[in-house]
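Structural overview for review
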Amino acid sequence: MTPIASIEQLDESYDLLVVGAGPAGLSAAARAAELGLSILLADENPAPGGQIYRAVTTTPVKNRAILGEDYWRGADIVARFERSKAVYAPRCTVWSIGPDETAPGAFELGLSLDGKARIIGAKQVILATGAQERPFPIPGWTLPGVMTAGAAQIALKSAGAIPSGRTVIAGCGPLLYLLAGQLAAAGCQIAAVLDTTPSANRSKALGAIPDFLRSPYLAKGLKLMLTARRKLRFVSGVTSLTATGEGKLASVQFEQNGRTGTLACDTLLLHQGVIPSVNFSNAAGCAHDFDTEQHAWVPRVDAWFGSTVPGIAIAGDGAGIGGAESAALRGEIAAFGAASRLGKLNEAERDRQATPVRAELDKKLRGRRFLDLLYKPAPQFLAPPRDETIVCRCEEVTAGQIRDAAKRLGVTGPNQMKAFLRCGMGPCQGRLCGPTVVELIAETRGTTPAETGYYRLRPPIKPVTLAELAALPQTEASVKAVIR
Amino acid sequence: MFRPIADLAASGALSFTFDGRPMTARAGDTVAAALLVNGITACRETPVSDTPRAPYCLMGVCFDCLVVIDGIGNRQGCLVPLAEGMRIETQHGRRHLTEASE
Ligand SMILES: Cc1cc2nc3c(=O)[nH]c(=O)nc-3n(C[C@H](O)[C@@H](O)[C@H](O)COP(=O)(O)OP(=O)(O)OC[C@H]3O[C@@H](n4cnc5c(N)ncnc54)[C@H](O)[C@@H]3O)c2cc1C
Ligand code: FES
């Protein structure tokens, strides 16, 4: 692996550009390099690992028991990538993708590193941009002191830092219990875990139990749950959450079985599962479908994780949540696909090499459905019932405004809502409001999220400074890549 | 708001300022992490209502960690590694064209 420190060091073009250095991107890049492709792997973080293995080679946390063995497994994935011939650009954000006008079938991508931008060519692209936490809009979630559970995990992994005061963890899903256990092991003072898993989900998940019993999740999940429950105060069946404070968080109010409770706290960590990060694939023009079991928009992919745009594949949790181990395997399969499209691997050889990887992937995905059904968020945490709840954090648009526009003004979809209320037009480009806006419109109009649609996004998918754009070589194609 | 875990030294190796106040943090931390371990509650005020905000996701998604770094605004603190001597400032409201971004 050759690391890149400045954007000038990059070649004009590569066979394959992989976006994202999580398990999917690292495995895709390593495999594709082993198959003889020239690879650039770009990731906006300073070190490889993605979300699960964040900072695995640089973390200051030396006590291995805190983060757990699953975390340290990432070191092998990074090591394999480091042995490969791929080029690695850390701290490098990829912000646009478009067709290369001079080379049919190939792409041009906009990249920025250290405040300098360049347009780089690629014959094939694998988006391994992973997942983000599902938005969790409750009254007061914009107060300083309220963060996502993932944020606390990132602070722990990459900076060895934990919340310093009384901490409340609220929400549902396997990652919530994992984080509770990790923070407790690191010495964080956890006042309570407010569990919002709807009890009605249990019966819905029953049908998926046989697969779950044969899945790798079972033992792991039970262990997480039991350790967290043994050590911490668990409040289950929580149906409402409100964060309050003047200028910063002071307490959280909750409801359980019609009773209300208040906990004074300095930090509130929210989490209700993860959803694919679709901003890049959406802006690239890939088709997405609404997956009702994962309750999220998921890009449409074929057996090689190719999207509906020929030449762009999507691997890892970005192609539907499957977890870290399956992300790595999906990366491998996407790499076989890209190599074969580039003529480096004939189809028979591609299929032969991919067969054992697919078998392994099937095993890893077994039991996922049970988790999806059991931890599907309650409706009131997807579409906030209280009008004053902020939905679009950037433009400060509330649930009441969105419901009103859907009802009174007859706004039928998120793009029209954007034009009326500016939701989704701030710097996060809808990442934190999109799913909620869709949910509220669907609820108000009596339709489904699938019928309501999602924001139509355009590059640049991350803000780029004028200085960066001005410094780009102004070929016709590069202008088009930015202004579309 | 945040503190280093027990087996990490509390004071860091890099010096920087936040709104003119001198601070230190561990080399390897991002700007957002450095602010959190220095007890900073809010790092920006929103353009719409001037309400204080703090880093929310730490993974580049929410943009609530926007700060001014060495005179350049709209930097995502959770993605920028801290460097010796950095001048970090609260980002107040909307951005305006400055010499650095012209
Ligand atoms: C905050 C968070 C914490 C998680 N923690 C765990 C955990 O502890 N255990 C677990 O089993 N699962 C965890 N997950 C679930 C996670 O999705 C894993 O299953 C796994 O990390 C997925 O791997 P991946 O390779 O698909 O993507 P990721 O690991 O998410 O990697 C994607 C990478 O792409 C980069 N990227 C995204 N967009 C761009 C861009 N435009 N330009 C450049 N780089 C970009 C990101 O910075 C990131 O490094 C977590 C998820 C989240 C959101
Ligand atoms: S804290 Fe969310 S983008 Fe930085």
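In this text the structure is predicted, and so the values were computed from the model without any measurement.

Counting secondary structure elements, chain A contains 20 helices and 23 strands. Against the 2.2 N^0.38 benchmark of 23 Å for 484 residues, chain A shows a C-alpha radius of gyration of 22 Å, consistent with a compact globule. Taking all 484 residues of chain A together, the buried fraction comes to 62%. Considering only contacts in chain A between residues 6 or more positions apart, those separated by 24 or more positions represent 67%.

Mapped onto the secondary structure, Ala159(A) falls in helix α5 (residues 149–159). Residue classification places Ala159(A) among the buried positions, given a relative accessible area of 6%. With 98 residues separating them in the primary sequence, Ala159(A) and Val61(A) have C-alpha atoms 8.0 Å apart. Other than its neighbours up to four places away in sequence, Ala159(A) contacts Pro60(A), Ile154(A), Leu8(B), Arg26(B), Asp29(B) and Ala33(B).

Each side of the interface is counted separately: chain B has 38 residues, and chain A has 49 residues. When chain B packs against chain A, close to 3600 Å² is buried across both sides, 62% of that on carbon and sulfur atoms. If you look at where chain B meets chain A, you find one salt bridge. Two residues, Asp64(B) and Arg393(A), come together in a salt bridge whose shortest N-O distance is 2.6 Å. Here chain B and chain A share eleven residue pairs in polar contact (both at pLDDT 80 or more) between them. Only β1 (2–4), α1 (31–37) and β5 (52–53) of chain B provide two or more residues apiece to the side of chain B that touches chain A. Of the residues assigned to the side of chain B that touches chain A, the class counts are 25 nonpolar, seven polar and six charged. With three bridges connecting them, strand β10 (residues 161–163) of chain A and β1(B) associate as antiparallel partners.

Turning next to the side chain of Thr389(A). Among the secondary structure elements, Thr389(A) is positioned in the loop between α14 (379–382) and β22 (390–392). Leave out the neighbours within four places in its chain, and Thr389(A) touches Pro137(A), Ile138(A), Pro139(A), Pro384(A), Val397(A), Thr398(A) and Ala399(A).

Residues and elements named next belong to chain A. Taking 1.5 Å of rise per residue, the twelve residues of helix α6 (residues 174–185) would be expected to cover 16 Å, and the 17 Å separating its terminal C-alpha atoms lies within 8% of that figure. When α6 is considered as a whole, its buried residues turn out to be Leu-176, Tyr-177, Leu-179, Ala-180, Gln-182 and Leu-183. Gly-187 sits one or two residues past α6 and shows a positive phi near 100°.

Our focus in this paragraph is unusual backbone geometry. All names here are of chain A. With omega at 0°, the peptide bond leading from Pro-459 into Pro-460 counts as cis. On the secondary structure map, Pro-460 appears in the loop between α18 (449–452) and α19 (466–470). Positive phi, normally seen in glycine, also occurs at His-295, with a value near 50°. With respect to the secondary-structure elements, His-295 resides in the loop between β19 (288–291) and β20 (296–299).

Let us look at the domain arrangement of chain A. All names here are of chain A. Structurally, chain A comprises domain 1 (7–132 + 275–345), domain 2 (135–272) and domain 3 (383–452). In this complex, domain 1 contributes 15 residues to the contact, which on the side of domain 2 involves twelve residues. Taken together, the two surfaces of domain 1 and domain 2 that pack against each other cover about 1100 Å², and 60% of this comes from carbon and sulfur. Among the residues of domain 1 in contact with domain 2, Arg-54, Ile-66 and Leu-67 are the three that bury the most area, contributing 44% of the side total.

Within the structure, ligand 1 sits among 35 residues, and Asp43(A), Asn45(A), Gln51(A), Gln153(A) and Asp317(A) are positioned closest to it. Near ligand 1, the surrounding residues belong to chains A and B. In this structure, an oxygen atom belonging to ligand 1 sits 3.2 Å away from a main-chain N or O atom of Ile52(A). A distance of 3.3 Å separates an oxygen atom of ligand 1 from a polar atom in the side chain of Lys157(A). Among the secondary structure elements, those contributing two or more residues to the shell around ligand 1 are α1 (23–34), β5 (92–99), β8 (131–133), α5, α6 and α11 (324–341) of chain A. Along the lines of polarity and charge, the residues of the shell around ligand 1 split into 17 nonpolar, 13 polar and five charged. Each of two domains, domain 1 (7–132 + 275–345) and domain 2 (135–272) of chain A, supplies a minimum of three residues to the shell around ligand 1.

What counts, and where the lines are drawn
Residues numbered from 1 in each chain as written. Chains lettered and ligands numbered in written order. Predicted model: local features only at pLDDT ≥ 70, side-chain atom pairs only at ≥ 80, totals over all residues. Heavy atoms only, no water. Helix = DSSP H or I, 4+ residues; strand = E, 2+ residues; numbered from the N terminus. Rg over C-alpha atoms; globule rule 2.2 N^0.38 Å. Buried < 20%, exposed > 50% of the residue type's maximum accessible area, 1.4 Å probe, protein only. Contact = heavy atoms within 4.5 Å. Buried area = accessible area lost by both parts, 1.4 Å probe. Salt bridge = Lys/Arg side-chain N within 4 Å of Asp/Glu carboxyl O. Polar contact = N/O pair within 3.5 Å; in protein donor to acceptor, adjacent residues only side chain to side chain. Nonpolar A, V, L, I, M, F, W, Y, C, P; charged D, E, K, R; others polar. Pairing = 2+ DSSP bridges. Expected span 1.5 Å × (residues − 1). Domains from an automatic or database assignment. Near = heavy atom within 4 Å.

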